[in-house]
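Observations on chain architecture
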Amino acid sequence: MNHEKKDSVSKSAIQIQHVSKTFYQGDVAFPVLNDISFEISEKKLVTLMGPSGSGKSTLLNILSAIESADSGQINVFGNKLSGASENELTHYRRKTIGIVFQFFHLFPYLSAIDNVSLPLYLSGTSKTIAVAKAKEALSLVGLSHRKDFTPKEMSGGEKQRVSIARAIIHQPKLILADEPTGNLDSGSSEMVMQLFSRCVRELDISVFLVTHNEMIGESGDINLRMLDGKILTK
Ligand code: ADP
Ligand code: MG
């Protein structure tokens, strides 16, 4: 009898407790994240806005396990990032998360299908399976017809859809995206946001994205604001 209730309780995707980070230039300290705590439940589209220099990218890089926090606890879908070994972090990056960049980070001379399949192939999946999954992912982002084209032959919006295909090919639990529409026209931005929305609704992937666009920054299930290394509470 209790099952129904239990199942309806949503699980935690991101738990951040008392996270701080300071950068040093010589002896001068630049505190960037200042005792941040928040929790996000799974299957949410989360947006994060804030002025330049407020610490958004640093927070995203810590969630991506590209940078480490100085103190505090970070737990993403049961992965404790603070104190994790390099092996555990590699596993986390390969299995749990997918990353989407503002400037795509695609190989300009490789076809879309090669760009999407390469990370999977390099992490040990057979070429046949990696290519089959890449075809599926490209079809999901509506680019089957462009699979043999290179990024050099694509629009910004198409390139970002290729990089979303690359980010979801291994069925991650969380997509982390730093200003993914920052370099796109409004039509392409809308298409990219629709894709992120589908990731959440249809693929059960949580999305956490940084944006400077007010409209996008209001469009998430959860819309966070950052100022001077702190998440503002509404
Ligand atoms: P945002 O993404 O909100 O613009 P960032 O997280 O990139 O902010 O940066 C926050 C502050 O930290 C900025 O003042 C930036 O100059 C500084 N910063 C970021 N990365 C480094 C670094 N590797 N070394 C020193 N300072 C850094
Ligand atoms: Mg930034």
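Re helix H4 (residues 112-122)
Each α-helix turn comprises 3.6 residues. Residues three or four places apart therefore point the same way. If you check which residues of H4 are buried, you get Ala 112, Ile 113, Asn 115, Val 116, Ser 117 and Leu 120. Among the structural elements, helix H5 (127-140) and helix H6 (156-168) are those in contact with the buried residues of H4. Following H4 by one or two positions, Gly 124 adopts a phi angle in the positive range, close to 110°.

Points about the environment of Asn 213
Along the polypeptide, Asn 213 turns up in the loop between strand E8 (206-210) and helix H8 (214-217). For the pair Asn 213 and Glu 179, spaced 34 residues apart in sequence, the C-alpha separation works out to 9.0 Å.

Details of the pairing of strand E3 (residues 45-49)
With respect to burial, E3 is a largely interior element, five of its five residues being buried. Burial along E3 is two-sided: Leu 45, Thr 47 and Met 49 and Val 46 and Leu 48, pointing in opposite directions, are all buried. When E3 meets E8, the two strands line up parallel, connected through four bridges. Residue pairing in the sheet places Leu 48 in a bridge with Val 210 of E8. Across four bridges, the pairing between E3 and strand E9 (residues 222-227) is parallel. For Thr 47, the partnering residue across the bridge sits in E9 and is Asn 223.

Describing the site of ligand 1
In the neighbourhood of ligand 1, the contacting residues comprise Phe 23, Gln 25, Val 32, Pro 51, Ser 52, Gly 53, Ser 54, Gly 55, Lys 56, Ser 57 and Thr 58. A distance of 3.2 Å is found between an oxygen atom of ligand 1 and a backbone nitrogen or oxygen belonging to Ser 54. Ser 57 places a side-chain nitrogen or oxygen 2.8 Å from an oxygen atom of ligand 1. Protein chains shield 61% of the accessible area of ligand 1, which is 570 Å² for the free molecule. Residue assignment for the shell around ligand 1 shows that the elements contributing at least two residues are strand E1 (12-25) and helix H2 (56-63). Of the residues contributing to the shell around ligand 1, the split by class is three nonpolar, seven polar and one charged.

Considering the nonpolar core
Counting 34 residues, the largest nonpolar core has Leu 138 and Phe 196 as its most contacted members. Taken together, the elements giving at least two residues each to this core come down to H4, H5, H6, strand E7 (174-178), helix H7 (186-203) and E8. Among the elements that take part in this core, H7 stands out by supplying six residues, more than any other. Setting aside residues no more than four positions away along its own chain, Leu 138 makes contact with Ala 112, Ile 113, Val 116, Leu 143, Ser 144, Lys 147, Val 162 and Ala 165. If you look at the next biggest cluster of nonpolar residues, it comprises 30 residues, including Ala 13, Ile 62, Leu 63 and Val 76.

A short note on the packing of H4 against H6
Contact geometry for H4 and H6: axes closest at 8 Å, N-to-C directions at 25°. Considering their axes alone, H4 and H6 lie roughly parallel with respect to each other. The handedness of the crossing between H4 and H6 is right-handed. Residue-level inspection shows Ala 112, Asn 115, Val 116 and Pro 119 of H4 in contact with H6, the latter providing Val 162, Ala 165 and Arg 166. Of the residues that constitute the contact of H4 with H6, the class distribution is five nonpolar, one polar and one charged.

Regarding the packing of H4 against H5
One way to put it is that H4 packs onto H5 with a least axis distance of 8 Å and a crossing angle of 130°. On the basis of their axis angle, the class for H4 and H5 is oblique. Between H4 and H5 lies a crossing whose hand is right-handed. Counted together, Ala 112, Ile 113, Val 116, Ser 117, Leu 120 and Tyr 121 of H4 and Lys 127, Ala 130, Val 131, Lys 133, Ala 134, Lys 135, Ala 137 and Leu 138 of H5 form the full contact between these two elements. Each residue belonging to the contact of H4 with H5 can be placed in one class, and the counts come to 10 nonpolar, one polar and three charged.

Each value, and the rule that gives it
- Each chain carries its own residue numbering, running from 1 in the direction its sequence is written.
- A letter from A marks each chain and a number from 1 marks each ligand, given out in the order of writing.
- Local features in a predicted model are, by the rule used here, given only for residues with pLDDT of at least 70; side-chain atom pairs are given and counted only at 80 or more, and totals for whole chains, interfaces and linings are based on all residues.
- By convention in this description, side-chain values take in all heavy atoms of the structure and omit both hydrogens and water.
- Only protein chains enter the accessibility calculation, which uses a 1.4 Å probe; a residue whose area is less than 20% of its type maximum is buried, one above 50% is exposed, and one in between is partly exposed.
- Strands here are runs of E lasting at least two residues and helices are runs of H or I lasting at least four, both read from the DSSP assignment and numbered beginning at the N terminus.
- Contact definition: two residues touch when any of their heavy atoms are within 4.5 Å.
- Any two strands with at least two DSSP bridges between them are considered paired.
- One heavy atom suffices: a residue is near a molecule or strand as soon as one of its heavy atoms comes within 4 Å of it.
- For this analysis, a polar contact is any N or O atom pair within 3.5 Å, provided that within protein one partner can donate a hydrogen and the other can accept it, and provided that sequence-adjacent residues contribute only side-chain to side-chain pairs.
- Residue-level accessible areas treat just the shown protein chains as cover; the underlying method is Shrake-Rupley with a 1.4 Å probe.
- Lys, Arg, Asp and Glu make up the charged group, whereas Ala, Val, Leu, Ile, Met, Phe, Trp, Tyr, Cys and Pro make up the nonpolar group; the residues left over, Gly among them, are polar.
- Buried residues of nine kinds, namely Ala, Val, Leu, Ile, Met, Phe, Trp, Tyr and Cys, make up a nonpolar core once their side-chain atoms join them within 4.5 Å.
- Every axis in this analysis is a line fitted to C-alpha atoms, fitted for helices over the stretch in contact. Angles between the N-to-C directions lie between 0 and 180 degrees.
- Any angle between 65 and 115 degrees counts as roughly perpendicular, while under 35 counts as roughly parallel, over 145 as roughly antiparallel, and the rest as oblique.
- Rotating anticlockwise by less than a right angle from the far helix to the near helix defines a left-handed crossing, while the corresponding clockwise rotation defines a right-handed one.

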